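# Fold and contact review
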Amino acid sequence: MTKQLKISNILAIAAVCLLAFLAYALFQDLDDPVLTLTPDTGRASLALPLTLTVTDATSPVRRISVNVRLGSRLIPLLDKTFQDEAKSRRETFSLKSTGLKDGAVELEIAAVDASLGNFGRGNASRRTIPLVIDSIPPAITIKTPPPNVRRGGSGCILYSVSKAVSQTGIKAGDLFFPAFRQASGDYICFFAFPYYLQIRDFTPQLVAVDLAGNTRIDPLPVARLSRDFKSDTLTLSQNFLSHKKAEFSTVVPGEMSDIERFLQINSRIRRENARALMEIGKDTASDASWKGSFLRLPRAASKAGFADFRTYLWQGEKVDEQFHLGLDLASVAQAPVPAANSGRVVFAGYLGIYGNIVVIDHGLGLQSLYSHLSSYSVTAGQAVSRGDIIGATGATGMAAGDHLHFGILVSGLEVTPLEWLDAHWIHDNITERVRTAGGSLPDVSGE
Ligand SMILES: [Zn+2]
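Residues numbered from 1 in each chain as written. Predicted model: local features only at pLDDT ≥ 70, side-chain atom pairs only at ≥ 80, totals over all residues.

## Topic: the overall build of the protein
Assigned secondary structure in the protein consists of six helices and 32 strands. Taking 22 Å as the expected radius of gyration for a compact globule of 447 residues, we find that the protein reaches 31 Å, considerably beyond that expectation. Viewed in the frame of its principal axes, the protein has a C-alpha envelope of about 105 × 55 × 45 Å. When the 447 residues of the protein are sorted by exposure, 37% land in the buried category. Contacts in the protein between residues at least 24 apart in sequence constitute 68% of all its contacts with a sequence separation of at least 6. (Helix = DSSP H or I, 4+ residues; strand = E, 2+ residues; numbered from the N terminus. Rg over C-alpha atoms; globule rule 2.2 N^0.38 Å. Buried ≥ 20, exposed ≤ 12 C-beta atoms within 10 Å, placed from the backbone. Contact = placed C-beta atoms within 7 Å.)

Structure follows, in structure tokens:
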């Protein structure tokens, strides 16, 4: 009897303890704050802004501290306490105030939450991050001779950088043309002389940012050549607007006159489409996938050229002006359209002024586009070879009659396709220069 009682007492006490523990575990915050440093490359210049993000799953963040340790010396950078209920904190700091010389230090970061864990003191997290302070920007050595770049055209350089970089490429105006690291360790960069800039305004710069945030900006030596673009006048007819009404209403819906809808598509939608192509341009392989020169639509007449400056007339008055950014090639209606070169389809769909459009990536930022298609037979992600039929010509989008609008893009910017349709131009301006500088690109000289 007493023995049984003792056993049941022990079981009861054990059950109470278990319940108490479960209650503690259930209602108590057992999560430690999570500490994330960005960037976290192991290197930093004194000026580099470092961002510490502290996130706690259950309790508000109460305190954040950051110290730099150099041997036995501890230099405080940040020490903040908070009273509100925010469970996520973001603090930005730099090592500027330390005045430290280049070399290895340790970053000691810590955070405490407002929970009753750790006997009421809050759950604490600590991280020690080894950091090399580095104030030396990368040096850039260009290996190719200064390129000749014509307005609206393309250029290419091969160069090396003296240390690891997080970003490098060519800046021209507000555009950035990223470079791509090759197996040799050198960087190759395709860039463009934007069609809308005059010679005096085209001052490209070569940029390299190292892992510590040190930035090197060198002027890029280029021979800048002018090119004049044609001007022409397009008289809009009610017939054209009526014919396009149903299609254009899906692009810009709502009550408005036909000419108003046309003008919205020709300006606002055109700008949106250019931004979309910039985004598509980022989806590129880091190696060249093209072979030989680019194929032109066979047996087709050129109807309009790259960067033709168009004035639009409606009922005798000027209503708009735009650059025409591609080649218009007219063959028979619904002519089969070959991929100009090998690569990977990065877009196949409907896009505003372009109507049905296919964009093929050829690597290193180089892409080709085929628009106003009546149909297309490829999907994004698909690999294509030079000459593969990808669709048929048509008049979708901002097109009056059946033709192919063919474009070439360098990191999302439209450039003149004529250079890329010319095997001699590619050989002289791209492949041969890169080859003599020790790099390698698909050869076109056998064409
Ligand atoms: Zn066109």
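## Here we look at the pairing of strand β12 (residues 165–172)
If a strand is regular, its side chains alternate between the two faces of the sheet. In this structure, β12 lies alongside strand β16 (residues 205–210), joined through six bridges in antiparallel fashion. Counted as the bridge partner of Thr-168 is Ala-208 from β16. Pairing of β12 with strand β13 (residues 175–178), which is carried by four bridges, proceeds in the antiparallel orientation. Bridge assignment links Ala-172 to a residue of β13, and that residue is Leu-175. Counted along the chain from β12 to the antiparallel partner β13, the turn is two residues long, and its residue Gly-173 has a positive phi close to 60°. (Pairing = 2+ DSSP bridges.)

## Overview of the domain arrangement of the protein
Taken domain by domain, the protein comprises domain 1 (31–133), domain 2 (140–225) and domain 3 (231–415). Here domain 2 and domain 3 have C-alpha centroids that lie 28 Å from each other. Counting from both sides, the interface comprises 14 residues of domain 2 and, opposite them, eleven residues of domain 3. Counting residues per element, the ones that place at least two in the side of domain 2 that touches domain 3 are β13, β14 (180–181) and β15 (187–192). (Domains from an automatic or database assignment.)

## Observations regarding helix α6 (residues 423–436)
Helical geometry: 3.6 residues make up each α-helical turn, so side chains three or four residues apart lie on a common side. Along α6, the sharpest kink reaches roughly 30°, centred on Ile-430. Burial in α6 covers these residues: Ile-426, Asn-429, Ile-430, Thr-431, Arg-433 and Val-434. On its buried face, α6 is in contact with β10 (148–150), β11 (154–161), β15 and α5 (417–420). (Bend = angle between axes of the 7 residues up to and from the residue.)

## A few points about the sheet that holds strand β6 (residues 88–93)
Overall, antiparallel pairing links the three strands, which are arranged β1-β3-β6 in an open sheet. In the strand order of this sheet, the two ends are held by β1 (34–38) and β6, each with one partner. Adjacent strand axes in the sheet meet at a mean angle of 15° when their direction is disregarded. Here strand β3 (residues 50–55) pairs with β6 via six bridges, running antiparallel. In the sheet register, Leu-52 faces β6, and the bridge partner there is Glu-91. (Axes fitted to C-alpha atoms, helices over the stretch in contact; angles between N-to-C directions.)

## Brief notes about the packing of helix α3 (residues 238–251) against helix α4 (residues 258–281)
Remark: α3 packs on α4, axes separated minimally by 10 Å, with the N-to-C direction vectors making an angle of 55°. With respect to α4, the axis of α3 lies oblique. As for how α3 packs across α4, the hand of that crossing is left-handed. Contacts between α3 and α4 involve Leu-241, Ser-242, Lys-245, Phe-248 and Val-251 from the first element and Asp-258, Ile-259, Arg-261, Phe-262, Ile-265 and Ile-269 from the second. (Parallel < 35°, antiparallel > 145°, perpendicular 65-115°, else oblique. Left-handed = near helix turned anticlockwise from the far one by under 90°.)

## With respect to unusual backbone geometry
Residues apart from glycine generally show negative phi values, whereas peptide bonds are mostly found in trans. With omega at -10°, the peptide bond leading from Thr-38 into Pro-39 counts as cis. Take Pro-39: it is sitting in the loop between β1 and β2 (43–44). Phi is positive for Gln-315, close to 50°, though the residue is something other than glycine. Considering the arrangement of structural elements, one finds Gln-315 in the loop between β21 (308–314) and β22 (317–324). If you check the backbone angles, Ser-411 has positive phi at about 45° while not being a glycine. With respect to the helices and strands, Ser-411 occurs in the loop between β31 (404–410) and β32 (413–415).

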